[in-house]
Amino acid sequence: MIADLHVHTRLSADSNVAPEQYLEFVKRSGRALGAICFTEHRLFPGDDEVGRLYAELAERFEIAIFKGIETDTDLGHLLLFGVNDEVTRRFDLTARMLKSDSLIEVLHHEGGVAIPAHPFRDSGYGSRLDALLSRHGAALGAVEVLNGQNSAEENRRAEDAALKLGLTAVGGSDAHFATAKWFMTVATEFEREVKTVEQMCAEIRAGRARPYTFFEPT
């Protein structure tokens, strides 16, 4: 199963794309995408209006839609999945410069995953992955090694770090626009189908995920 773990909509300040525009793009492309994760900057939408919209779109386009968030921490950006009431009670996810150490630990304890996003692009995570892993062990189990907006060198360095440290490698487009330059470029391939964000977190924690690159249809 293919899932894009890193997509932004107009709920992020630097995008003006409605979520259905991404899903329409997937349908037109004819490519397989089983899930899309909307990871807004410093915003984790509630389950009322946004939740109903995502459920309606998921049914209409026959694609799973998962909520995540791209947080701003003292070391750079973290993609969080499996956010629950305990996490939102303990952290103001709308804030900047959150303490990544405690955020990683708490989310892991709650069954979620925290993934350093584009760690070698304007981020302190690249140089700190060794130290973070030594302090947090399994709590830091994955890293984004394939980001659609990174340079090839930035992605290569992330891939090398994941291999060296034994971290699960994942990918995401980091799309801010529903165009071929931004979206359906790279993603994550799961060994098993995931139908909920909880299942997705479990698969990432178990290491049953790998980066995936879309190729142009022949």
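Our structure is the block above this text.
Attention here is on the structure that accompanies the text. This one's a predicted model, so the numbers in the text were calculated from it and none came from an experiment.

What counts and how
- Residues numbered from 1 in each chain as written.
- Predicted model: local features only at pLDDT ≥ 70, side-chain atom pairs only at ≥ 80, totals over all residues.
- Heavy atoms only, no water.
- Helix = DSSP H or I, 4+ residues; strand = E, 2+ residues; numbered from the N terminus.
- Rg over C-alpha atoms; globule rule 2.2 N^0.38 Å.
- Buried < 20%, exposed > 50% of the residue type's maximum accessible area, 1.4 Å probe, protein only.
- Contact = heavy atoms within 4.5 Å.
- Areas by Shrake-Rupley, 256 points an atom, 1.4 Å probe, with all protein chains shown as cover.
- Lys, Arg positive; Asp, Glu negative; His and termini not counted.
- Charge placed at Lys NZ, Arg CZ, Asp CG, Glu CD.
- Salt bridge = Lys/Arg side-chain N within 4 Å of Asp/Glu carboxyl O.
- Pairing = 2+ DSSP bridges.
- Axes fitted to C-alpha atoms, helices over the stretch in contact; angles between N-to-C directions.
- Polar contact = N/O pair within 3.5 Å; in protein donor to acceptor, adjacent residues only side chain to side chain.
- Parallel < 35°, antiparallel > 145°, perpendicular 65-115°, else oblique.
- Left-handed = near helix turned anticlockwise from the far one by under 90°.
- Nonpolar A, V, L, I, M, F, W, Y, C, P; charged D, E, K, R; others polar.

This part takes up the overall build of the chain. Each helix and strand counted, the chain has 7 helices and 9 strands in total. The C-alpha radius of gyration of the chain comes to 16 Å, within 12% of the 17 Å expected for a compact globule of 218 residues. Over its C-alpha atoms, taken along the principal directions, the chain stretches across nearly 45 × 40 × 30 Å. Out of the 218 residues in the chain, the part that is buried amounts to 52%. Counting contacts in the chain only where the partners sit at least 6 residues apart, residues at least 24 apart contribute 74% of the total. Here the chain displays about 10,200 Å² of accessible surface, and carbon together with sulfur accounts for 49% of that area. Seen as two clouds, the 24 positive and the 34 negative side-chain charges of the chain have centres 2 Å apart.

So, about the pattern of salt bridges. Going through the model one piece at a time under the given rule, you end up with 11 salt bridges. One salt bridge in this structure joins Arg-156 and Asp-160, with 2.5 Å as the shortest N-O distance. Taken together, the positions of Arg-156 and Asp-160, both in helix α6 (residues 152–165) and 4 residues apart, correspond to about one turn of that helix. The partly exposed category is assigned to Arg-156, whose relative accessible area is 38%. Using a relative accessible area of 39% as the deciding quantity, one classes Asp-160 as partly exposed.

The mixed open sheet is built from 7 strands, whose spatial order is β5-β4-β3-β2-β1-β8-β9. Only two strands of the sheet have a single partner each, and these edge strands are β5 (113–116) and β9 (209–213). Recorded for the sheet is a direction-independent mean angle of 30° between the axes of neighbouring strands. Where strand β4 (residues 76–81) lies against β5, 4 bridges are found, and the strand directions are antiparallel. Looking at the pairing, Leu-79 lines up with Ile-115 of β5. Sheet strands touched by helix α7 (residues 197–205): β1 (2–7), β2 (35–41), β3 (64–73), β4, β5, β8 (186–190) and β9. Its angle to β5, the strand with the most contacts, is close to 60°.

Structurally, Thr-9 can be placed in the loop between β1 and α1 (19–29). What makes Thr-9 buried here is its relative accessible area of 1%. Among the polar contacts made by the side chain of Thr-9, one reaches the side chain of Glu-40 at a distance of 2.6 Å.

Direction vectors running N to C along helix α4 (residues 100–109) and helix α5 (residues 125–136) enclose 50°, while the axes themselves pass 12 Å from each other. Put simply, α4 runs oblique to α5. For the element pair α4 and α5, the recorded crossing hand is right-handed. Side by side, α4 and α5 meet where Ser-100, Asp-101, Ile-104 and Glu-105 of the first sit next to Tyr-125, Leu-132, Arg-135 and His-136 of the second. Tallied by class, residues from the contact of α4 with α5 come to 3 nonpolar, 2 polar and 3 charged.

Any functional reading would require information that these geometric values do not contain.
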